[in-house]
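Close look at the chain arrangement
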2 protein chains.
Amino acid sequence: MDTSVICPRFETAISLLSQRWTGLIIYQLLSGPQRFSHLTEVIGISGRLLSERLKNLEAQGLVSRTVYPETPVRIEYALTEKGFSLKPVMDEIQNWSQVWIDPAETTKV
Amino acid sequence: MDTSVICPRFETAISLLSQRWTGLIIYQLLSGPQRFSHLTEVIGISGRLLSERLKNLEAQGLVSRTVYPETPVRIEYALTEKGFSLKPVMDEIQNWSQVWIDPAETTKV
DNA sequence: TATAATTGGTTACATAAAGTAACTAAGAGA
DNA sequence: TCTCTTAGTTACTTTATGTAACCAATTATA
């Protein structure tokens, strides 16, 4: 019997990226700190799920949350070093998509 | 108003990898063609979902299915060129996980 | 003084996806 | 005939996601 098992670290990492929206949020934040409402618009995610995902990402140390007590209040989400270090992963996905995804059929899986 | 939108090709690519199990299946197949029952055991996915995922991956040209009419029948799943070209993505996820995932807490997100 | 506008969420409910376990089909061998 | 094996499928439960309405704090406007 084959006892080989997938590397637990890899499994943890990919379970993170396999959560819907998480990859897109990180990708979007690579271009700099952004506000809640801006993320909902650009990504096309509901407030309910964005809120949930950002809390998870913060808890995992990938994203930071900064409050600017202006009027109205401004809250910015940004990648931490841990989050930013996913850039090479995102770059490779980008590369792959340029070669293998036909822009004519960029519909959802 | 900011009209910037996430690259549609990237969005398609990441929606593929954001489907639960899909990344793990591709990662596992990087080590060579494998049978249905072996994949369920190694990945820890149910037959129902593995069947569904493999059909999708085949339809998208990432995985091929080969029937060997032996007894009992042997069916092997393998990556196509398109599927195998995701190796750099998987390698980068692997790299990231080695640096940033603490093996002591490799629990699910 | 009341009303409205803005940001950053939350709540309640409907729908879709995933998990679980039992079942099936086809062929070969006892 | 009965059993074994592989490769799935079916029916049902649980969890995740989508949708839309709502709320609190603060300031501007009528």
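In case you missed it, the structure is sitting above this.
Every value quoted in this text rests on a predicted model; they were computed, and no experiment measured them.

**Some details on the sheet that holds strand 2 (residues 63-68) of chain A**
The pairing of strands in a sheet happens through backbone hydrogen bonds and is either parallel or antiparallel. Residue and element names in this part refer to chain A. Here we have three strands laid out as an open sheet, ordered 1-3-2, and antiparallel in their pairing. Every other strand in the sheet has two partners, leaving strand 1 (34-35) and strand 2 as the edge strands with one partner each. Relative to strand 3 (residues 74-79), strand 2 is paired through six bridges, and the arrangement is antiparallel. Within the sheet, the bridge partner assigned to valine 63 lies in strand 3 and is leucine 79.

**Focus: the side chain of threonine 40 of chain B**
Residues and elements named next belong to chain B. Residue placement: threonine 40 occurs in helix 3 (residues 36-43). Judged by its relative accessible area of 19%, threonine 40 is buried. The contact partners of threonine 40, leaving out residues within four places of it in the chain, are Ile45, Gly47 and Leu50.

**Details of the interface of chain B and chain A**
At the junction of the two partners, chain B supplies 47 residues and chain A supplies 47 residues. Here chain B and chain A share an interface that buries about 4,800 Å² over both sides, 69% of which is from carbon and sulfur atoms. In this structure, the connection of chain B to chain A is made through zero salt bridges. Counting across the interface, chain B meets chain A through ten residue pairs in polar contact (both at pLDDT 80 or more). Contributing elements (two or more residues each) for the side of chain B that touches chain A: helix 1 (8-17), helix 2 (22-29), helix 3, helix 5 (81-84) and helix 6 (87-100) of chain B. Its residues placed into classes, the side of chain B that touches chain A shows 23 nonpolar, 15 polar and nine charged.

**Describing the packing of aromatic side chains**
What characterises a pair of aromatic rings is the spacing of the ring centres plus the angle enclosed by the ring planes. The final tally for this structure, using the stated rule, is two aromatic pairs over all chains. On the numbers, 3.8 Å between centres and 20 degrees between planes, the contact of phenylalanine 10 of chain A with tyrosine 27 of chain B is stacked. Pair noted here: phenylalanine 10 of chain A is in helix 1 (residues 8-17) and tyrosine 27 of chain B is in helix 2, and the two residues belong to different chains. Both residues of the pair, phenylalanine 10 of chain A and tyrosine 27 of chain B, count as buried. Arginine 74 of chain A extends its terminal NZ or CZ atom over the ring of tyrosine 68 of chain A, reaching a point 4.1 Å from the ring centre.

**Some details on the sheet that holds strand 1 (residues 34-35) of chain B**
Sheet architecture is open: three strands sit in the order 1-3-2 (chain B), paired in antiparallel fashion. Since the sheet does not close on itself, it has two edges, and those belong to strand 1 and strand 2 (63-68) of chain B, each with one partner.

Conventions used here
Residues numbered from 1 in each chain as written. Chains lettered and ligands numbered in written order. Predicted model: local features only at pLDDT ≥ 70, side-chain atom pairs only at ≥ 80, totals over all residues. Heavy atoms only, no water. Pairing = 2+ DSSP bridges. Helix = DSSP H or I, 4+ residues; strand = E, 2+ residues; numbered from the N terminus. Buried < 20%, exposed > 50% of the residue type's maximum accessible area, 1.4 Å probe, protein only. Contact = heavy atoms within 4.5 Å. Buried area = accessible area lost by both parts, 1.4 Å probe. Salt bridge = Lys/Arg side-chain N within 4 Å of Asp/Glu carboxyl O. Polar contact = N/O pair within 3.5 Å; in protein donor to acceptor, adjacent residues only side chain to side chain. Nonpolar A, V, L, I, M, F, W, Y, C, P; charged D, E, K, R; others polar. Phe/Tyr/Trp six-rings, centres within 6.5 Å; stacked < 30°, edge-to-face > 60°. Lys NZ or Arg CZ within 6 Å of the ring centre and 35° of its normal.

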